[in-house]
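Listed below are the residues making up each chain.
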Amino acid sequence: MTDQSDSANWSRRGVLAGLGAGVMLLAMPVRADDASVAQAITDTFGHTPRRDGKITLKLPPLAETGNTVPLTVTVDSPMSNTERVKRVVVFANRNPRPLIAIMTFGPKAATAEFSTNMRLSGTQDVIAMAELSDGSVWQTQVRVLVTVGACDTLQLRY
Amino acid sequence: MPNTRIRVPKTAKAGDAVEIRAIIQHPMENGFRLDSQGTAIPVEIITDFTCTYDGGEVFSVKLEPGLSANPYFSFYLKATKSGPVDFRWVDQDGTITTATEQLDVT
């Protein structure tokens, strides 16, 4: 009898709200937040001001699987001895590890362009940043819809 | 030694931009997967990739677990003179895998 009177004290709305919150917590995988992306960017580039432009990021707008997402990065640079791209860094803002890779162009590179494949844990923005020889940093970002994330196929949720 | 596949054109004209492709067979374990026993599979990745040609570096990468299995790169080399194009991958355990392809510049 005491059980019944206890449950009667819970309002219907309160119970539903509680259940809803619980389900949301369960469904929401713990992913990198913007703070960790910002941290990764600061670790790589320090506090150099970043400008939009000069860099083109080609990604499929919709990726069936996050395990292999092809990307091509092109930086608008003559790649001469004086004016060239030092490095390009790719970040994914909702991956458990936002830093994807750091590419460096050497003196024998003809163009500041490369292609590779990356993993995406889900729908998110991919950010590419390029540091030129004059020290300026340029960035761009592209949103990719991912049907099945690279991490959704795993039993472990993080 | 992991399998590698590289593509370098046989010949090129001096000054040309030559597309190079390189891939290495590697699981690139990201450290978030579980095995059948439910224990986490530790991170196992290639950490560095470098391509050199004519005494200089063409392209190098610091790899992270965010790259796909069998990491693939394509990039452009400036043809200057005939010689070998060298590729080098470094595993996190220190294993070094190399590959070489001859490029003839006319």
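Residues numbered from 1 in each chain as written. Chains lettered and ligands numbered in written order. Predicted model: local features only at pLDDT ≥ 70, side-chain atom pairs only at ≥ 80, totals over all residues. Heavy atoms only, no water.

1. Quick notes on the interface of chain B and chain A
Then, in step 1: Counting residues at the interface gives 32 residues for chain B and 30 residues for chain A.
Then, in step 2: Between chain B and chain A lies a buried interface of about 2700 Å² when both sides are counted; carbon and sulfur atoms form 55% of it.
Then, in step 3: It is Phe 32, Ser 68 and Tyr 76 of chain B that lose the most area in chain B upon contact with chain A, and together they represent 23% of the buried surface on that side.
Then, in step 4: Our count for the chain B to chain A interface comes out at one salt bridge. (Contact = heavy atoms within 4.5 Å. Buried area = accessible area lost by both parts, 1.4 Å probe. Salt bridge = Lys/Arg side-chain N within 4 Å of Asp/Glu carboxyl O.)

2. A word on the sheet that holds strand β4 (residues 69–75) of chain A
The pairing of strands in a sheet happens through backbone hydrogen bonds and is either parallel or antiparallel.
Then, in step 1: Taken together, six strands build an open sheet; the order of strands is β2(A)-β4(A)-β7(A)-β6(B)-β3(B)-β1(B) and the sheet is antiparallel. Each edge of the sheet is formed by a strand with only one pairing partner; in this case those strands are β2 (55–58) of chain A together with β1 (4–7) of chain B. In this sheet, adjacent strand axes meet at a mean angle of 15 degrees when their direction is disregarded.
Then, in step 2: Here β2 of chain A pairs with β4 of chain A via four bridges, running antiparallel. Bridge assignment links Thr 56 of chain A to a residue of β4 of chain A, and that residue is Thr 74 of chain A. (Pairing = 2+ DSSP bridges. Helix = DSSP H or I, 4+ residues; strand = E, 2+ residues; numbered from the N terminus. Axes fitted to C-alpha atoms, helices over the stretch in contact; angles between N-to-C directions.)

3. Here we look at the side chain of Asp 125 of chain A
Residue and element names in this part refer to chain A.
Then, in step 1: Note that Asp 125 resides in strand β8 (residues 124–132).
Then, in step 2: Taking the relative accessible area as the measure of exposure, Asp 125 reaches 13% and is therefore buried.
Then, in step 3: A polar contact of 3.1 Å, which involves the side chain of Asp 125, links it to the side chain of Arg 143.
Then, in step 4: When residues no more than four places from it in sequence are discounted, the contact partners of Asp 125 are Phe 91, Ala 92, Asn 93, Gln 141, Val 142 and Arg 143. (Buried < 20%, exposed > 50% of the residue type's maximum accessible area, 1.4 Å probe, protein only. Polar contact = N/O pair within 3.5 Å; in protein donor to acceptor, adjacent residues only side chain to side chain.)

4. Quick look at the pattern of salt bridges
Then, in step 1: Inspection of the entire model under this criterion finds eight salt bridges over all chains.
Then, in step 2: In this structure, Glu 131 of chain A and Arg 87 of chain A form a salt bridge, with 2.7 Å as the shortest nitrogen-oxygen distance. In this pair, Glu 131 of chain A sits in strand β8 while Arg 87 of chain A sits in strand β5 (residues 85–92), placing the two residues 44 residues apart along the sequence.
Then, in step 3: Linking Arg 21 of chain B and Glu 19 of chain B is a salt bridge whose minimum nitrogen-to-oxygen distance equals 3.5 Å.
Then, in step 4: What makes Glu 19 of chain B partly exposed here is its relative accessible area of 28%.
Then, in step 5: Each of Lys 86, Arg 87 and Glu 131 of chain A takes part in salt bridges that share partners, so that together they form one network.

5. Brief notes about the packing of aromatic side chains
Then, in step 1: According to the stated counting rule, one finds ten aromatic pairs over all chains in the structure shown.
Then, in step 2: Ring geometry for Phe 49 of chain B against Phe 73 of chain B: centres 5.3 Å apart, planes inclined by 15 degrees, an arrangement best described as stacked. Here Phe 49 of chain B, found in strand β4 (residues 46–53), pairs with Phe 73 of chain B, found in strand β6 (residues 72–78); they are 24 residues apart in sequence, far enough to count as distant.
Then, in step 3: Note on Phe 87 of chain B and Trp 89 of chain B: the rings are 6.3 Å apart at their centroids and 20 degrees apart in plane angle, and the pair reads as stacked.
Then, in step 4: The class of Phe 87 of chain B is buried, set by a relative accessible area of 1%.
Then, in step 5: Owing to a relative accessible area of 1%, Trp 89 of chain B belongs among the buried residues under this scheme.
Then, in step 6: Three or more aromatic residues joined by ring pairs make a cluster, and in this case those are Phe 105 and Phe 114 of chain A together with Phe 49, Phe 59, Phe 73, Phe 75, Phe 87 and Trp 89 of chain B. (Phe/Tyr/Trp six-rings, centres within 6.5 Å; stacked < 30°, edge-to-face > 60°.)

6. Here we look at the confidence of the model for chain A
Then, in step 1: Of all residues in chain A, 76% attain a pLDDT of 70 or more, and the chain-wide mean is 81.
Then, in step 2: Per-element confidence in chain A ranges from a low mean pLDDT of 52 for helix α1 (residues 2–9) of chain A to a high of 95 for β4 of chain A. (pLDDT = per-residue confidence, 0-100.)

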